[in-house]
Amino acid sequence: MDKKQNAVSKLLSRWRGLIQAGAALLTNIHLPNFFRGGIYQGNGKAVCVPGLNCYSCPAASGACPIGAFQSVVGSSKFGFSYYITGFLILLGVMLGRFICGFLCPFGWFQDLLHKIPGRKFSTRKLKPLTYLKYVVLALTVILLPALVVNDVGMGDPIFCKYICPQGVLEGAIPLAAVDSGIRAALGVLFTQKLIVLIAVLVLSILFYRPFCKWICPLGAFYGLMNKVSLMGIKVDDHKCVSCGKCAAICKMDVDITKSPNHSECIRCGKCINACPTNSLCFRYGLGNDMKEKK
């Protein structure tokens, strides 16, 4: 394994927090809107951002891919969205769940919450819950909005309307804080979603990224693309001594030496920094085997 490649990989993983902060800022670049109580509605809103980021956030510079997909699926003039689907597939092939680990604002927010001091719990015995996000993707993002429609043929954006905590965190709360009219209009639905948000906040302090692991449909989609994504982690079996340190430090409960393209791997790079023999590194492109065999 190339020493330069390993050094770059370690540097990338060590600076992950700053990269996450920068990605969150670029995704929400219109910060003055938080004080104006308005939403940016320029041409940038026609473009999807990679991570989960609410369209209704006052500072949002683009559209959330899940929200954009749901608006098309639930439309009375439903048609297959080649742009949104193609955009997701392109990102999935290029980066996979690297997006979750480095570019998603809500993923970064959960990382920050988990740093709050206190007792932490492992999710290793809760692995069956990781399949729940695929059910959320299939039912609330695709099937129900398309099949359960009103008299004019429009379906509800089920995930965005009833589940997504990012909408309350980035949209409803900031807008209501500066607009009395919005505050007066808040009702039962806001209360229900606020309860979901509070539950996610509390769980994020106790568990590492519970929303990413168990609920997020965007993470589910990118997880499916991990198998074919150009961005991955390479394992050099010539150097690996099977010490288990990479598996022990992984908060996504992945043994990277056994499954370098596992659907739960968010490419955070913690395993790369923990490896005592430098047998792990990021790899990108076609023709790069995930494992270098002995």
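Check the entry above for the structure.
What this report covers is the structure whose coordinates are included nearby. Note that the structure is a prediction, hence the values are computed from the model and not measured.

1. What to know about the nonpolar core
Item 1. Of all hydrophobic cores here, the largest spans 49 residues; its most connected members are Leu52, Phe159, Tyr222, Ile256 and Leu280.
Item 2. Among the secondary structure elements, those contributing two or more residues to this core are helix 4 (65–73), helix 5 (82–95), helix 6 (98–103), helix 8 (132–147), helix 14 (217–225), strand 1 (231–236), helix 16 (270–274) and strand 2 (280–284).
Item 3. Other than its neighbours up to four places away in sequence, Tyr222 contacts Pro50, Leu88, Leu91, Gly92, Gly96, Arg97, Ile99 and Cys100.

2. As for the environment of Trp214
Item 1. The residue Trp214 is located in helix 13 (residues 210–214) in this model.
Item 2. According to the relative accessible area criterion, Trp214 is buried, its value standing at 10%.
Item 3. Considering only alpha carbons, one finds Trp214 and Leu126, 88 residues apart in sequence, at a separation of 9.4 Å.
Item 4. When neighbours within four sequence positions are excluded, Trp214 is seen to be in contact with Thr123, Leu126, Leu129, Thr130, Leu132, Lys133 and Phe207.

3. Let's talk about the packing of aromatic side chains
Item 1. This model, assessed by the stated rule, comprises nine aromatic pairs.
Item 2. Their ring planes at 75° and their centres at 6.3 Å tell us that Phe102 and Phe282 sit as a pair that is edge-to-face. Here Phe282 lies in strand 2 and Phe102 lies in helix 6, a separation of 180 residues in the sequence.
Item 3. Looking at Phe102, the relative accessible area reads 0%, which means it is buried.
Item 4. Taking 6.0 Å as the distance between ring centres and 35° as the angle between the ring planes, the aromatic pair formed by Phe106 and Phe109 counts as tilted. Pair noted here: Phe106 and Phe109 are both in helix 7 (residues 105–114), with a separation of three residues, about one helical turn.
Item 5. Feature note: the residues Phe98, Phe102 and Phe282 constitute an aromatic cluster, connected by ring pairs.

4. Observations regarding the pattern of salt bridges
Should the charged atoms of two oppositely charged side chains come close, the side chains can pair.
Item 1. One pass over the structure, following the stated rule, counts seven salt bridges.
Item 2. Its salt-bridge partner being Lys133, residue Glu264 comes within 2.6 Å of it at the nearest N-O pair. Highlighted residues: Glu264 in the loop between helix 15 (245–249) and helix 16 and Lys133 in helix 8, separated in sequence by 131 residues.
Item 3. Taking the relative accessible area as the measure of exposure, Glu264 reaches 5% and is therefore buried.

5. What to know about the state of the cysteines
Item 1. The final tally for this structure, using the stated rule, is zero disulfides.
Item 2. Of all cysteine sulfurs, the one in Cys243 lies closest to Cys275, which takes part in no disulfide; the gap is 6.2 Å.

6. Comments concerning the side chain of Lys10
Item 1. Residue placement: Lys10 occurs in helix 1 (residues 3–14).
Item 2. Asp236 is the oppositely charged side chain nearest to the buried, salt-bridge-free Lys10, at an N-O distance of 13 Å.

7. Here's the deal with the pairing of strand 2
Item 1. For strand 2, the tally of buried residues reaches four of five residues, placing the bulk of the element in the interior.
Item 2. The pairing of strand 1 with strand 2 spans five bridges and is antiparallel. Each bridged residue has a counterpart across the sheet, and for Gly232 the counterpart in strand 2 is Arg283.

Rules and cut-offs
Residues numbered from 1 in each chain as written. Predicted model: local features only at pLDDT ≥ 70, side-chain atom pairs only at ≥ 80, totals over all residues. Heavy atoms only, no water. Core = buried A, V, L, I, M, F, W, Y, C linked by side-chain atoms within 4.5 Å. Buried < 20%, exposed > 50% of the residue type's maximum accessible area, 1.4 Å probe, protein only. Helix = DSSP H or I, 4+ residues; strand = E, 2+ residues; numbered from the N terminus. Contact = heavy atoms within 4.5 Å. Phe/Tyr/Trp six-rings, centres within 6.5 Å; stacked < 30°, edge-to-face > 60°. Salt bridge = Lys/Arg side-chain N within 4 Å of Asp/Glu carboxyl O. Disulfide = S-S within 2.5 Å. Lys, Arg positive; Asp, Glu negative; His and termini not counted. Pairing = 2+ DSSP bridges.

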